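# Coordinate analysis (summary)
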Amino acid sequence: NDVGYQYEDSSAYGSYNHYASPADECARECTSTSKRVQMEKYCSMDYVYLMTVIGKDKSDERWTRFRIEIDKRYKSPKGNLKFRRGQLTYLWVKTKNLKCRCPKIRPNKSYLLLDEVNYGGSDGDVGSRTPGEGLPVKRKTLIIEWKKEWRRRMKRFKRRSKKTCRKTYKKKKV
């Protein structure tokens, strides 16, 4: 009972109709499948938060909003995305990505959120208009279910990042 969508592909040999299943669409949308964080990934991101999902708040055809609480700030960006411990805010996820379980988010679970700030004002995935107050999940956003064993590792990353990130893992400007 697979419901899919069709798209047309034009090439030098003519035009062909292809059938793409929802699984194919999900594979294109879900680019991040990482289960753990390494120093290089930590350094390449602008902010890293430990958050707990309180619940799903509202949803429309484009965006689903989750209520979250910031449990710990490991790395914070400059600007208006600074959140402090205990602060309640929102996590915005594209509704079509949730149907693919990308990211897989469940209430009353804790997650490590790593992302880059897009200072250009628009992101191909998010659009120039952010859905609202809070954190939008973009294509490069990494959300990993939290494991308590990671506490010491994340503290070590935070401590080492002051020296290591600037020297070893310089950000690539696009």
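The structure presented is a predicted model; accordingly, all values stated were derived computationally and were not measured.

### Describing the overall build of the chain
In terms of helices and strands, the chain carries 4 helices and 8 strands. Residues counted as buried form 39% of the 174 residues belonging to the chain. Partitioning the intrachain contacts of the chain with sequence separation of at least 6 by distance along the chain shows that 66% fall at a separation of at least 24. With an accessible surface of roughly 11,700 Å², the chain has 46% of that area assigned to carbon and sulfur atoms.

### Focus on the sheet that holds strand β8 (residues 142-145)
Strand order in the open sheet made by the 6 strands is β7-β5-β4-β3-β6-β8, with mixed pairing throughout. Edge positions in the sheet fall to β7 (135-136) and β8, since each has one partner strand and no second. Of the pairings in the sheet, the one linking strand β4 (residues 63-75) to strand β5 (residues 88-94) comprises 7 bridges and is antiparallel in character. Considered in β5, the bridge of T64 is made with V93.

### What to know about unusual backbone geometry
The phi torsion at N108 lies on the positive side, around 65°, for a residue other than glycine. Along the chain, N108 falls in the loop between α3 (95-99) and β6 (110-115).

### Observations concerning the side chain of D46
In this structure, D46 sits in the loop between α2 (39-44) and β3 (47-59). A polar atom in the side chain of D46 sits 2.6 Å from the backbone nitrogen of V117.

### Examining the packing of aromatic side chains
The geometry of two aromatic rings is summed up by the distance between their centres and the angle between their planes. Tallied over the full model, the rule gives 5 aromatic pairs. Both rings, one in Y49 and one in F83, keep their centres 5.9 Å apart while their planes meet at 70°; by these two values the pair is edge-to-face. One end of the pair, Y49, is in strand β3; the other, F83, is in the loop between β4 and β5, with 34 residues separating them in the sequence. Residue classification places F83 among the buried positions, given a relative accessible area of 6%.

### Thoughts on the pairing of β6
Regular strands show a simple pattern: their side chains alternate between the two faces of the sheet. Judged by how many residues are buried, β6 sits mostly within the fold: 5 of 6 residues are covered. Here 6 bridges tie β3 to β6, and the two strands are oriented antiparallel to one another. Paired with Y49 across the bridge in β6 is L113. Taken together, the 4 bridges between β6 and β8 define a ladder with antiparallel strand orientation.

### Notes on the nonpolar core
In this structure, F66, I68, L91, I105, L135 and I143 are the most contacted members of the largest nonpolar core, which totals 19 residues. Elements with a contribution of two residues or more to this core: β3, β4, β5 and β6. Broken down by element, this core gets its largest block of residues, 4 residues, from β3. Grouped together as the second largest cluster of nonpolar side chains are 17 residues, L50, I144, M154 and C165 included.

### Notes on the pattern of salt bridges
The tally for this structure, following the rule as stated, stands at 6 salt bridges. Between D57 and R67 there is a salt bridge whose closest N-O contact spans 3.2 Å. Here the residue D57 occupies a position in strand β3, and R67 occupies one in strand β4, the gap between them amounting to 10 residues. In this structure D57 comes out as partly exposed when scored by relative accessible area, which is 31%. Among the charged side chains, a network of salt bridges with common partners joins D57, R65 and R67.

### Here we look at the confidence of the model for the chain
One rule of thumb: low pLDDT means the predicted coordinates there are not for detailed reading. On average, residues of the chain score 76 in pLDDT, and 68% of them reach the 70 mark or higher. Here residues 120-128 scores under 50 on pLDDT; set against residues more than four positions off or in separate chains, the count is 14 contacts.

Parameters at a glance
Residues numbered from 1 in each chain as written. Predicted model: local features only at pLDDT ≥ 70, side-chain atom pairs only at ≥ 80, totals over all residues. Heavy atoms only, no water. Helix = DSSP H or I, 4+ residues; strand = E, 2+ residues; numbered from the N terminus. Buried < 20%, exposed > 50% of the residue type's maximum accessible area, 1.4 Å probe, protein only. Contact = heavy atoms within 4.5 Å. Areas by Shrake-Rupley, 256 points an atom, 1.4 Å probe, with all protein chains shown as cover. Pairing = 2+ DSSP bridges. Polar contact = N/O pair within 3.5 Å; in protein donor to acceptor, adjacent residues only side chain to side chain. Phe/Tyr/Trp six-rings, centres within 6.5 Å; stacked < 30°, edge-to-face > 60°. Core = buried A, V, L, I, M, F, W, Y, C linked by side-chain atoms within 4.5 Å. Salt bridge = Lys/Arg side-chain N within 4 Å of Asp/Glu carboxyl O. pLDDT = per-residue confidence, 0-100.

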